[in-house]
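Descriptive analysis of the structure
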Amino acid sequence: MPLEPSTTPTGTARPASTAPDRAPLPHRRLGRTGIRLPAVSLGLWQNFGVADPVSTQREIVLHAVDRGVTHLDLANNYGPPGGAAEESLGRLLARELRPVRDELVVTTKAGYRMGPGPYGEGGSRKYLLSSLDASLRRLGRDHVDIFYSHRFDPTTPLTETIGALATAVRSGRARYAGISSYSARRTREALRVAEQVGVELVVTQVSYSMLNRWIEVPDPNDPAGASVLDVAAAEGVGVVAFSPLAQGMLTDRYLQGVPAGSRAARGGPLRPAFLSEANLARVSRLDELARAHGRSLAATAILWALRDERVTSVLLGASSTRQLDENLAALAAPDLSAEELTAVDSLPADTGINIWASRSSDL
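Numbers given for residues are sequential positions, taken from 1 along each chain in its written order. Selection of residues for local features in this predicted model requires a pLDDT of at least 70, selection of side-chain atom pairs for listing and counting requires 80 or more, and totals for whole chains, interfaces and linings are taken over all residues. The side-chain values count all of the structure's non-hydrogen atoms but skip hydrogen atoms and water molecules.

Thoughts on the sheet that holds strand β5 (residues 40-43)
Pairing is parallel around the closed barrel formed by eight strands, whose spatial order is β5-β6-β7-β8-β9-β10-β11-β12. Strand-to-strand, the axes of this sheet are offset by a mean angle of 30°, without reference to chain direction. Strands are labelled as partners when DSSP assigns at least two bridges between them. Here a strand is any run of E in DSSP of at least two residues, a helix any run of H or I of at least four, and the numbering for each starts at the N terminus. Bridge count for β5 against strand β6 (residues 71-73) is two bridges, and the pairing is parallel. Of the residues in β6, the one forming a bridge with Leu-42 is Leu-72. For helices, the fitted axis covers only the stretch in contact; all axes are lines through C-alpha atoms, and the angles between them, taken along N-to-C directions, range from 0 to 180 degrees.

Shown next as structure tokens:
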């Protein structure tokens, strides 16, 4: 029996033949805030630059929102080139997404290289606030919901970096403030500085996957020897995990080599060196276990990252609506088995794929 016609959240009619009969996406509270994020959020890190068709970008974002993905994550340098992803979303916020803008959580960041000169990256007040102003112009908005310090900057005092986040919130240019890729020690320090300057850091965004479990590992430089997850839980800070699929390694895409057109083949952040014999053997074993339990490897990786309730949401990119739907379907997949959990626990916590470590999370 065909489904009745329905209306999407963006106000467009959905044909009866394609109207989805799906359960709402599960949501989790972001730390101590009143925000609830979907378990799976959409990251616009890749596939939203000038080399990607605007029509595809539009289709992915609108489909995500129609599926209930209300958290859209950006940074000033996403694209490529930098700024392109914010411009792409800005066009949609001005038109198709305008009726539901207040139902969305739109986030952006600054910290990594965006432009030339001494104020093109880092944690200075000048860079962070000028970058936020530029991001708002590209988005066509007067505020974002969360503004992040994208990385710890050892050349800038934390009082200046966190003070800039406080200014962003007090001025109304951001509703909330957060940090990204900070180690446990630096997270704790940032929280103490935030108390001093009168702003609350509500979220930390960190890389996390079955092949990259650094946020679980006790930080030897932290006064209490705590992990990032420990500090976040104790302080009531939400955790948003990015790269839960290890930039595509935790899918079936690289099990038979590097396909043409893949991230590894294009020379992106997934470096061919990451696809070592040891890592591919680990991925193959995880894939075998996933299939034995009626799941894809990608679904297993998503469920694994969400198994810890301290993780609020996982950020996933998408190159098509089909891929997006496959990722969202993971939320209804069978639970992880004890055998699978044991297999992941037996892997090294650091398999050498954390490209952000030396620039922030190790500091």
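So, next bit.
Some details on the packing of aromatic side chains
Each aromatic pair joins two rings of Phe, Tyr and Trp (for Trp, the six-membered one) with centres within 6.5 Å, and gets the label stacked for planes under 30 degrees apart, edge-to-face for over 60, and tilted for any other angle. Here the structure, examined in full by the defined rule, presents four aromatic pairs. Geometrically, the ring pair formed by Phe-152 and Tyr-182 is edge-to-face, given 5.8 Å between the ring centres and 80° between the ring planes. In this pair, Phe-152 sits in the loop between β8 (144-149) and α4 (158-170) while Tyr-182 sits in the loop between β9 (174-180) and α5 (184-197), placing the two residues 30 residues apart along the sequence. By the burial criterion, Phe-152 is buried, and Tyr-182 matches it. For the pair Phe-242 and Trp-356, a centre-to-centre distance of 4.8 Å together with 85° between the ring planes defines the contact as edge-to-face. In this pair, Phe-242 sits in strand β11 (residues 238-242) while Trp-356 sits in the segment after α11 (338-345), placing the two residues 114 residues apart along the sequence. The exposure class assigned to Trp-356 is buried, which follows from its relative accessible area of 8%. Counting every residue linked through ring pairs, the aromatic cluster contains Trp-45, Phe-242 and Trp-356. The residue whose ring lies beneath Lys-109 is Tyr-148, and the NZ or CZ to ring-centre distance is 5.7 Å. Any Lys NZ or Arg CZ that is within 6 Å of a ring centre and within 35 degrees of that ring's normal is treated as a charge sitting over the ring. Above the face of the Tyr-119 ring, Lys-126 is positioned so that its terminal group lies 5.3 Å from the ring centre. Between buried and exposed lies partly exposed: a residue is buried under 20% and exposed over 50% of the maximum accessible area for its type, with that area taken using a 1.4 Å probe on protein chains only.

Concerning unusual backbone geometry
For the bond from Gly-79 to Pro-80, the omega torsion is -5°, close enough to zero to count as cis. Among the structural elements, Pro-80 can be located in the loop between β6 and α2 (84-94). In the segment running from Pro-80 into Pro-81, the intervening peptide bond is cis, with an omega of -5°. Relative to the assigned elements, Pro-81 resides in the loop between β6 and α2. Positioned with a positive phi, Ser-181 is a non-glycine residue whose angle comes to about 60°. Here Ser-181 is to be found in the loop between β9 and α5. Phi is positive for Gln-247, close to 60°, though the residue is something other than glycine.

Concerning the confidence of the model for the protein
What pLDDT conveys is the predictor's confidence in a given residue, as a value from 0 to 100. Counting all residues, the mean pLDDT for the protein is 91, and 91% of those residues have values of 70 or more. Contacts between residues were defined by any pair of non-hydrogen atoms, one from each residue, lying within 4.5 Å. In the predicted structure, residues 1-7 sits below a pLDDT of 50 and forms 13 contacts with residues beyond four places in sequence or in another chain. Contacts of residues 9-20 to residues separated by more than four positions or lying in other chains number 24 contacts, the stretch itself having pLDDT below 50.

Some words on the side chain of Asn-212
Examined against the element boundaries, Asn-212 turns out to sit in the loop between β10 (201-207) and α6 (228-235). N or O atoms closer than or at 3.5 Å make up a polar contact, with two conditions inside protein: a donor-capable atom paired with an acceptor-capable one, and, for residues adjacent in sequence, both atoms drawn from side chains. At 3.0 Å, the side chain of Asn-212 and the side chain of Ser-207 are in polar contact. Beyond its immediate sequence surroundings of up to four residues, Asn-212 is in contact with Ser-207, Ala-349, Ile-353 and Asn-354.

Some thoughts on the pairing of strand β12 (residues 311-316)
Judged by how many residues are buried, β12 sits mostly within the fold: six of six residues are covered. As judged from the three bridges shared by β5 and β12, these two strands associate in the parallel manner. Of the residues in β12, the one forming a bridge with Val-40 is Val-314. The pairing of β11 with β12 spans four bridges and is parallel. From the neighbouring strand, Val-240 faces β12, where its bridge partner is Ser-313.

Digging into α4
To estimate the expected span of a helix, count its residues, drop one, and scale the result by 1.5 Å. Between the first and last C-alpha of α4 there are 18 Å, a value that for 13 residues agrees with the 18 Å anticipated at 1.5 Å per step. Every buried residue belonging to α4 is among Leu-158, Thr-161, Ile-162, Gly-163, Ala-164, Leu-165, Ala-166, Thr-167 and Ala-168, and all of these are buried. On its buried face, α4 sits against α3 (125-139), β8, β9, α5 and β10. Of the residues trailing α4, Gly-172 is marked for its positive phi of about 85°.

A closer look at the pairing of β11
In regular strands, side chains alternate between the two faces of the sheet. Of all five residues in β11, five are buried, a share of seventy percent or more. The alternating pattern of β11 places Gly-238, Val-240 and Phe-242 and Val-239 and Ala-241 on opposite faces, both of which are buried.

Looking at the pattern of salt bridges
For this document, the term salt bridge refers to a Lys or Arg side-chain nitrogen within 4 Å of an Asp or Glu carboxyl oxygen. Under the counting rule described, the total for this entry stands at 24 salt bridges. One salt bridge connects Arg-213 with Glu-216, and the closest N-O pair in it is separated by 3.7 Å. Among the residues examined, Arg-213 registers a relative accessible area of 6% and is labelled buried. Arg-310 serves as the salt-bridge partner of Asp-308, at 2.7 Å between the closest nitrogen and oxygen. A cluster of three or more residues bridged by salt bridges with shared partners is formed by Arg-58, Arg-95 and Glu-96.

As for the side chain of Ser-88
Tracing the chain through its elements places Ser-88 in helix α2. The exposure class assigned to Ser-88 is buried, which follows from its relative accessible area of 5%. Not counting residues within four places of it along the chain, the set of residues in contact with Ser-88 comprises Phe-48 and Gln-57.

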